Amino acid sequence: IDSSYLDKHSALGHNKEYCPQVFFDSSYKPKHQSSLYYQVGNAIKGYQTDDYSIKPVFLWGSGTITVNSAFAPAYEMEISAYENGYIQMPLIYYRGYKIILENKETGEKVKLRGENTDGLISFDVPMGEYIVKTKYAGTVMYQLSAIYTVFSIIVIMGVSAYEITRK
């Protein structure tokens, strides 16, 4: 076993618990004609082996998308939206994704939450030129548990140090 095992579809989990059920429902039809649903579904099922070969698309609206870097969950891309649009990413939707749109002209940054469309992350983009970054920040409970964990470790270390030096 080596690291290539992690790139195979079998690494999703024994019961495919990391994938939305929608990808295993044969009666499901994507909401938009240009959806990445079938391409991502085929990749999940092992019919496609090239990493990051699926690119983001406009589900409606028009423009160009240039991916500068992609290593899930972090993407960086440049988007030229010729009109208001809706973009779908080849990333499985989980609550806690953040999308940052930086307007190339003004430098203004707008933070968006990813939306669930066909089990994948989607977001609105207004007309304009943008640098877009995605990241997984986690749900509120995830963030609180991370803080609680750090606090707990500090308390345990403090109590342990006190007990050791007390003797």
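Shown above is the structure to which this text applies.
Residues numbered from 1 in each chain as written. Predicted model: local features only at pLDDT ≥ 70, side-chain atom pairs only at ≥ 80, totals over all residues. Heavy atoms only, no water.

Caption draft 1: Structural detail: a nonpolar patch on the surface. A cluster of nonpolar side chains, namely Tyr18, Tyr94, Tyr136 and Tyr142, defines an oily patch on the protein surface of about 440 Å² accessible area. With respect to the secondary-structure elements, Tyr142 resides in helix α2 (residues 140-166). Given the relative accessible area of 49%, Tyr142 is considered partly exposed. (Patch = residues over 30% accessible without salt bridge, like charges linked within 9 Å, V, L, I, M, F, W, Y side chains within 5 Å. Areas by Shrake-Rupley, 256 points an atom, 1.4 Å probe, with all protein chains shown as cover. Salt bridge = Lys/Arg side-chain N within 4 Å of Asp/Glu carboxyl O. Helix = DSSP H or I, 4+ residues; strand = E, 2+ residues; numbered from the N terminus. Buried < 20%, exposed > 50% of the residue type's maximum accessible area, 1.4 Å probe, protein only.)

Caption draft 2: Geometry of helix α1 (residues 37-44). Inspection of α1 places Tyr37, Val40, Gly41 and Ile44 among the buried residues, and these make up the whole buried set. The buried residues of α1 all sit within an arc of 105 degrees when viewed along its axis, so they share a single face. Where α1 is buried, its residues touch β4 (85-92) and β8 (120-125). Just beyond α1, the residue with positive phi is Gly46, at close to 90 degrees. (Arc of directions from axis to C-beta. Contact = heavy atoms within 4.5 Å.)

Caption draft 3: Examining the sheet that holds strand β2 (residues 63-71) more closely. Across the sheet, which stays open at both edges, the 5 strands sit in the order β2-β3-β9-β5-β6 with antiparallel pairing between neighbours. Single-partner strands in this sheet number two, and they are β2 and β6 (109-113). For this sheet, the mean angle separating the axes of adjacent strands, direction not counted, is 20 degrees. Taken together, the 5 bridges between strand β5 (residues 97-103) and β6 define a ladder with antiparallel strand orientation. In the sheet register, Ile99 faces β6, and the bridge partner there is Leu112. (Pairing = 2+ DSSP bridges. Axes fitted to C-alpha atoms, helices over the stretch in contact; angles between N-to-C directions.)

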